[in-house]
Structures are given as C-alpha cells and as structure tokens.
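Structural features, examined
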Amino acid sequence: MIDAKKLQSAMNKNAKEAKHQLEVVRKDIQQIDDELYWLENAPLPLGDALDKVSRFVKDHSTSAGIDHFFHAKSLGSKGLFDSEVTFKHGELRAHEHGTVIGSGMTDISTIICSLFGSNVEQVLQNIAKEASKNIESGPPLAERPQLRTKLLTRQHIAEEQEEKIIYSAEALGLHGFYRRADCNPEIVLMTNEAEHDLD
C-alpha cells in the first residue's frame with residue numbers, strides 16, 4: 001500500500017531540489033547575459049581608440065573642392081569649405097517673405113581634417129590617452145568575436161540544462177516550474193523532443 005504522506009514528502013523534496021537547481025542555472029544564464037552586454041558595449045582599449053581616431057581623420061580628409069582654385073570662374077559644385085546642414089525633422093517653420101526658421105546641425109569635420117589633419121589627429125590622440133586613465137575598457141576589438149562565441153556556447157548549454165529541469169519537473173507533476181519570457185523556443189522544442197524520445 002502506498003503511503004500518501006511519504007509520497008507527498010518525497011515529491012516536495014524533489015520539487016525543492018529541482019527549484020534550487022533551476023535557480024542556480026538561471027543565475028548562470030543571467031551572468032552570461034551580463035557578460036554579453038558588457039562585451040558588446042564595453043569601451044575600447046586605448047590602442048583601438050587611437051586607431052579609430054586615425055581612421056576618423058583619414059576618412060574625413062579630402063581634396064574635394066580643390067578644383068575651384070583651378071578655374072577663373074566660380075563652379076556650381078560644392079566648394080572646399082562648404083558644409084551641409086541637417087535640420088531636425090518637424091522643427092522647420094516657414095514665415096512670411098520666404099523666411100524659414102529651424103534648428104539643425106552642421107558637420108565641419110571634413111573641413112577641419114582636410115586642412116589640419118595631422119594636428120587634429122595628434123590633439124585627439126592626446127585627449128584619448130588622458131581620458132583612458134579614467135575609463136574601464138573591455139577586451140581588444142579583435143578578441144571580441146571569439147569571446148562572444150564562447151559566451152554564446154555557454155549560454156546554449158545553460159539554457160539546455162534549464163529546459164531539462166523544467167521538462168523533468170513537469171513529467172513528475174511538480175508545480176511552479178515556469179519558463180522565462182525570453183527563453184529560446186528552439187532549445188525548448190529540441191530539448192522536449194530529445195527527452196520525449198528517451199521516455
């Protein structure tokens with residue numbers, strides 16, 4: 001004869017242990033999510049930042065417009081010191097006499113970098129070197145793809161463990177085991193199919 005009280009006690013014990021395991025796995029998943037976010041958004045080390053400065057100056061240095069000085073008459077094309085203004089959407093207001101009032105932004109980096117490229121690069125790099133003393137940087141940019149792959153592999157394994165605990169709890173009739181709102185549906189489906197085949 002089955003002792004209902006002992007059976008219930010055993011189920012409660014199993015539920016408590018399973019919930020503890022689930023909590024441990026979910027803490028690991030959260031930690032991995034935090035590491036992925038940090039890897040994606042962490043400031044670059046000084047070396048990468050200096051490379052970005054150099055690329056910025058190079059990309060914004062141009063001789064476009066210099067041809068204006070080779071013609072006696074003014075050309076209709078964009079001049080060496082011409083810059084474009086980008087107006088904020090919805091903030092332009094037309095007034096009488098054809099006057100338009102609004103706010104916007106103009107980018108003169110091409111003009112500055114074209115005229116004073118080496119000086120701009122040196123100044124920006126000096127500023128970056130000083131700023132790096134107070135910045136907690138992440139890993140070098142070149143290492144990030146490999147680190148991300150490792151984290152995603154850890155995440156996949158942890159989510160499989162999570163789903164196996166939930167599946168087993170459901171199979172035993174235990175209550176209170178719910179899936180996260182952001183759980184991976186592919187892992188849920190694959191794990192359930194694999195566990196079902198073993199049953």
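Residues numbered from 1 in each chain as written. Predicted model: local features only at pLDDT ≥ 70, side-chain atom pairs only at ≥ 80, totals over all residues. Heavy atoms only, no water.

**Some remarks on the packing of aromatic side chains**
By the definition in use, this model includes zero aromatic pairs. Note that Lys-19 overlies the ring of Phe-177, its terminal NZ or CZ placed 5.7 Å from the centroid. (Phe/Tyr/Trp six-rings, centres within 6.5 Å; stacked < 30°, edge-to-face > 60°. Lys NZ or Arg CZ within 6 Å of the ring centre and 35° of its normal.)

**Some remarks on the side chain of Ser-109**
Along the chain, the position of Ser-109 falls in helix H3 (residues 109-131). In this structure Ser-109 touches Phe-56 and His-60, once residues within four positions along its chain are discounted. (Helix = DSSP H or I, 4+ residues; strand = E, 2+ residues; numbered from the N terminus. Contact = heavy atoms within 4.5 Å.)

**Quick look at the environment of Asp-28**
Relative to the assigned elements, Asp-28 resides in helix H1 (residues 4-41). The spatial distance from the C-alpha of Asp-28 to the C-alpha of Glu-159 is 9.4 Å, given a sequence separation of 131 residues. In contact with Asp-28, other than residues within four places in its own chain, are Arg-154 and Ala-158.

**Observations concerning H3**
Helix length check: H3, at 23 residues, gives a terminal C-alpha distance of 21 Å against a target of 33 Å (1.5 Å per residue), a shortfall beyond 12%. At Phe-116, H3 shows its maximal kink, close to 105°. Against the buried residues of H3 lie helix H2 (46-59). (Expected span 1.5 Å × (residues − 1). Bend = angle between axes of the 7 residues up to and from the residue.)

**Thoughts on the packing of H2 against H3**
What describes two packed helices is the angle between their axes and the distance between those same axes. One way to put it is that H2 packs onto H3 with a least axis distance of 8 Å and a crossing angle of 170°. Taken together, the axis directions place H2 and H3 in an arrangement best described as roughly antiparallel. Each of Leu-46, Leu-50, Val-53, Ser-54, Phe-56 and Val-57 in H2 lies in contact with H3, whose residues at this interface are Ser-109, Cys-113, Gly-117, Val-120, Glu-121, Leu-124, Gln-125, Ala-128 and Lys-129. Across the contact of H2 with H3, the residue classes tally to nine nonpolar, four polar and two charged. (Axes fitted to C-alpha atoms, helices over the stretch in contact; angles between N-to-C directions. Parallel < 35°, antiparallel > 145°, perpendicular 65-115°, else oblique. Nonpolar A, V, L, I, M, F, W, Y, C, P; charged D, E, K, R; others polar.)

**Quick notes on the nonpolar core**
Listed in full, the eleven residues of the largest apolar core are Ala-15, Ala-18, Leu-22, Val-25, Ile-29, Ala-158, Ile-165, Ile-166, Ala-169, Leu-174 and Phe-177. Looking at this core, the elements that each hand over two or more residues are H1 and helix H4 (144-171). Considering each element in turn, this core owes the most residues, five residues, to H1. (Core = buried A, V, L, I, M, F, W, Y, C linked by side-chain atoms within 4.5 Å. Buried < 20%, exposed > 50% of the residue type's maximum accessible area, 1.4 Å probe, protein only.)

**Examining the side chain of Glu-162**
If you trace the backbone, Glu-162 turns up in helix H4. Within polar-contact distance, the side chain of Glu-162 engages the side chain of Arg-26 at 2.7 Å. Each residue touching Glu-162, except ones within four places of it in the same chain, is listed here: Leu-22, Val-25, Arg-26, Ile-29 and Arg-180. (Polar contact = N/O pair within 3.5 Å; in protein donor to acceptor, adjacent residues only side chain to side chain.)

**Notes on the environment of Ile-166**
Here Ile-166 is to be found in helix H4. With relative accessibility at 0%, the residue Ile-166 sits in the buried group. Here the alpha-carbon distance between Ile-166 and Lys-19, two residues 147 residues apart in the chain, equals 9.0 Å. Every residue in contact with Ile-166, bar those within four places of it in the chain, is listed here: Leu-22, Arg-26, Phe-177, Tyr-178 and Arg-179.

**Comments concerning the pattern of salt bridges**
Considering all chains together, one arrives at ten salt bridges under this definition. Its salt-bridge partner being Arg-154, residue Asp-28 comes within 3.6 Å of it at the nearest N-O pair. Remark: Arg-154 occurs in helix H4 and Asp-28 occurs in helix H1; sequence separation between them is 126 residues. Given the relative accessible area of 32%, Asp-28 is considered partly exposed. Glu-159 serves as the salt-bridge partner of Arg-180, at 3.4 Å between the closest nitrogen and oxygen. Pair noted here: Arg-180 is in the loop between H4 and helix H5 (185-198) and Glu-159 is in helix H4, with a separation of 21 residues, a long-range link. (Salt bridge = Lys/Arg side-chain N within 4 Å of Asp/Glu carboxyl O.)

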